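# Tertiary structure, described
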Amino acid sequence: MKYLYYPGCSLEGTAVEYDRSTRALFQALGVELVELEGWTCCGASAAEAESELLSFALPARNLAIAESMDDAIGDILVPCSACYLNLKRAAEETQKDPDLLNRVNEALEPEGLKLKGKKRVRHLLDVLAVDIGADGLAGHIHSKMTNFSAAPYYGCQCLRPYAVFDDPEIPTSMEPLILATGAKVHKWHMAAKCCGASLMNIQPEIAQEMVAAILAGANGADAIVTVCPMCQMNLEGYQNQISRAAHKDLHRSILYLPQFLGLAMGIDHKNLSLEMNLSRVSNFM
């Protein structure tokens, strides 16, 4: 089994541990990740403010690169939820709008690239939940997590607006994977709530209230498990300030899903880069 792999900028910067744990997890599963050759930024959240065309051309460039690579390699696997949303949007909208596709391809022409719509964009969670599944994961579990409970946190962008593999209002796709490790699923109502995203930079008091509600909802869980670098940063990076403002201890362990699954598979915590997490994760090391 092979996938084209688009890591995106965050996984080379603030979320290196997400990249390393994803690679380690899929290697242990016997799945090959083939990184896109010469990939570039998908535009993140800034491109659309500059130019609508740019917001499509940047992710489309990466899709066109994927199409130029070996046809035998499968779908494009994207761990970052924001990157997934941008690539998915470009793929969907250019297929529905021939004029947009023509304008995008005109922008790509100087590089000799052309978008044809041949490759499917998949979120990491989609691949793990649908292609691997709990049954496929079970045979690789070596360190049962029976003493742990995990609160699955999906955030917004991996399920909205494209409800491809789960219900965006009541998501459950992470639960069978957590249960396959022997851990318990923490039952809560915050799994699909927004963490505030970039509001943390421009209106931190609002975003911190949103994060505080999520952290409070995870009371009793050993960890919140995420699949988004921005969610991970917001949930991890401001726990001291949020706890002080709330006048209670809201410190929680925050793990990326590949880290949590990798621990259950017996992958060394160093290969999962657990020491790079900002929250307290010593109980998992």
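Notes on the structure in this doc start here.

So, about the sheet that holds strand E2 (residues 32-35). The strands making up a sheet associate through hydrogen bonds between their backbones, and the pairing can be parallel or antiparallel. If you trace the four strands from one edge of the open sheet to the other, you get E2-E1-E3-E4, paired in parallel fashion. The strands lining the two open edges of the sheet, one partner per strand, are E2 and strand E4 (121-123). Neighbour-to-neighbour, the strand axes of this sheet turn through a mean angle of 40°, independent of strand direction. Those strands touched by helix H1 (residues 16-28) are strand E1 (2-5), E2, strand E3 (76-78) and E4, and its axis lies near 135° from that of E2.

With that settled, consider the pattern of salt bridges. A side chain of one charge can pair with a side chain of the opposite charge if their charged atoms are brought near each other. Scanning the entire structure with this criterion turns up 14 salt bridges. Here Asp99 makes a salt bridge to Arg103, at a shortest N to O gap of 3.5 Å. Linking Asp99 with Arg103, this pair stays in helix H5 (residues 98-108), spanning four residues, or about one helical turn. We classify Arg103 as partly exposed; its relative accessible area is 33%. Between Arg122 and Asp131 there is a salt bridge, with its nearest N and O atoms 2.9 Å apart. In this structure Arg122 comes out as buried when scored by relative accessible area, which is 3%. With relative accessibility at 27%, the residue Asp131 sits in the partly exposed group.

What counts and what doesn't
- Residues numbered from 1 in each chain as written.
- Predicted model: local features only at pLDDT ≥ 70, side-chain atom pairs only at ≥ 80, totals over all residues.
- Heavy atoms only, no water.
- Pairing = 2+ DSSP bridges.
- Helix = DSSP H or I, 4+ residues; strand = E, 2+ residues; numbered from the N terminus.
- Axes fitted to C-alpha atoms, helices over the stretch in contact; angles between N-to-C directions.
- Contact = heavy atoms within 4.5 Å.
- Salt bridge = Lys/Arg side-chain N within 4 Å of Asp/Glu carboxyl O.
- Buried < 20%, exposed > 50% of the residue type's maximum accessible area, 1.4 Å probe, protein only.

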